[in-house]
Amino acid sequence: MTAMESAPHPLPENFWFDGMAYRPPHWLRSGHVQSVWPTLFRTVSLTEPHREALATDDDDELQLDWYRQGSDRLAVISHGLEGHSRRPYVLGLARALMSAGWDVLAWNYRSCGGVMNRLPRFYHSGATEDLERVLGHVLLKSYRKISLAGFSMGGNLTLLYLAQKGERVDSRICGAVTYSVPCDLAGSAEVLARPSRKIYMRRFLKDLQTKMQVKAERYPEIIDISGFEKIQNFRQFDDLYTAPLHGFRDADDYWAQASALPRLKDIRVPALMVNAADDPFLSRHCFPEARSVLGSYVRAEYPRWGGHVGFVEHARDGYYWSERRAISFLKNEV
């Protein structure tokens, strides 16, 4: 079966696959296997981080995990939907970056990282104000260079932040690496609503229901979870919760404002976006090729395989292909 035939969505006939192809063993050439394998079987050993609670301007807080080794370079990692700073994919990249000489800060969105935030709101794919708060905090320190990294939702958040800053981005922010980026939120929500993606959707909704239950108990006048079990997709969840809690009209308005895709051309630092063609979460629009869409600073690479935040590699040093690619990009491009 060709990569085109195995892709989870129809791609153009002349679709370009990056020449620096990630080539896993044959038994890993499945987007679904790649997407679940690291969660089930990967462990990453890393020193215990220093945890810091960062206050926000609206009387909330963000949980930060610091890995310091006295470097003058810092990498800031943003995790995926319902993830946290100690997921294997975050720790794997943190370990690789540290070995390449970077300090690392892995931060948690509101309600993530084992600490429920104080406000009714939580996080969403366009909450760049929280990433800006984290970066404002680290820019007060003595780092000469700061790179950004993001996985899945965190990749969209990272690219959207850089696009919004445009020419105004701080000169110490030197570049970004992102993986499995749902930069077309509406299209990716539609993909995940398919019956064949039910197993993923159920997992997300189960985690979100637990979180919304806590918030409903704290704020019963604002949040009502009766009938939550009838929610089957992100459109329903975002219409009921994400949009009203974060100032959007509805799910469509949220997706339109929070998608990085139409803003990629505004980015003004070297940025890498790696999306696997067999990613079961992404729409076809998450694979832009035209320079008019990507702009001059975004490099898009589309390996045939890799799944969603997969890119598994069985190597003696324990690194995954995505981590090697990140180190190479940051070394050569920023």
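For the structure, see preceding data.
Here we summarise the structure given alongside this text. In this convention, every chain numbers its residues from 1, walking through the sequence in written order. Reporting of local features is limited, given that this is a predicted model, to residues whose pLDDT is at least 70; pairs of side-chain atoms are given and counted only at 80 or more, and all residues count toward the totals for whole chains, interfaces and linings. The basis for every side-chain value is the complete set of non-hydrogen atoms in the structure, without hydrogens or water.

Take empty space enclosed by the protein next. Here a cavity denotes a set of grid points, spaced 1 Å apart and computed over the protein atoms alone, in which a 1.4 Å probe fits but from which it cannot get out, and a pocket denotes an open set meeting protein on both sides within 12 Å along at least five of seven lines; residues with an atom within 4 Å of a point are reported as lining. Grid points are joined across faces, edges and corners, and a volume is the space filled by probe spheres set on the points. In this structure the tally under the stated criterion is three cavities of 30 Å³ or more. Its volume calculated, the largest cavity comes out at about 90 Å³. Taken together, 13 residues line the largest cavity, and the ones lying closest to its centre are Y89, F151, V309, G310 and S322. Helix and strand labels come from DSSP, where a helix needs a run of H or I of at least four residues and a strand needs a run of E of at least two; each type is numbered from the N terminus. Contributing elements (two or more residues each) for the lining of the largest cavity: helix 3 (88-99) and helix 11 (321-333). Considering each element in turn, the lining of the largest cavity owes the most residues, three residues, to helix 3.

Moving on, we come to unusual backbone geometry. A positive phi angle, near 65°, is found at D59, a position not held by glycine. The topology assignment puts D59 in the loop between strand 1 (50-55) and strand 2 (61-67). Overall, D59 belongs to the exposed group, its relative accessible area being 54%. One non-glycine residue, S111, adopts positive backbone phi at about 85°. By secondary structure assignment, the location of S111 is in the loop between strand 4 (103-107) and helix 4 (128-138). Summary of the burial criterion: residues with accessible area below 20% of their type's maximum are buried, those above 50% are exposed, and those between are partly exposed, where the area comes from a 1.4 Å probe applied to protein chains only.

Each Phe, Tyr or Trp ring (for Trp, its six-membered ring) is paired with any other whose centre lies within 6.5 Å, and the angle between the two planes then decides the class: stacked below 30 degrees, edge-to-face above 60, tilted in between. Taken as a whole and assessed by the stated rule, the structure comprises 20 aromatic pairs. Centre to centre, the rings of W27 and W37 are 4.9 Å apart; their planes meet at 70°, and the pair counts as edge-to-face. With W27 in the loop between helix 1 (3-6) and helix 2 (31-41) and W37 in helix 2, this residue pair connects regions lying ten residues apart in the sequence. On the accessibility criterion, W37 (22% relative accessible area) is partly exposed. Between F237 and Y241 the ring centres are 5.3 Å apart and the planes differ by 45°, which places this aromatic pair in the tilted class. In this pair, F237 and Y241 both sit in helix 8 (residues 234-245), four residues apart, roughly one turn of the helix. A residue is classified by how much of its surface remains accessible, and Y241, at 5% relative accessible area, is buried. Joined through ring pairs, the aromatic side chains of W107, Y109, F122, Y123, F228, F237 and Y241 make up one cluster. Looking at R29, its charged tip hangs above the ring of W305, at a distance of 4.3 Å from the centre. The criterion for a charge sitting over a ring is simple: Lys NZ or Arg CZ within 6 Å of the ring centre, and within 35 degrees of the ring normal. Looking at R68, its charged tip hangs above the ring of W66, at a distance of 4.0 Å from the centre.

By themselves, these are just geometric observations and shouldn't be taken as functional.
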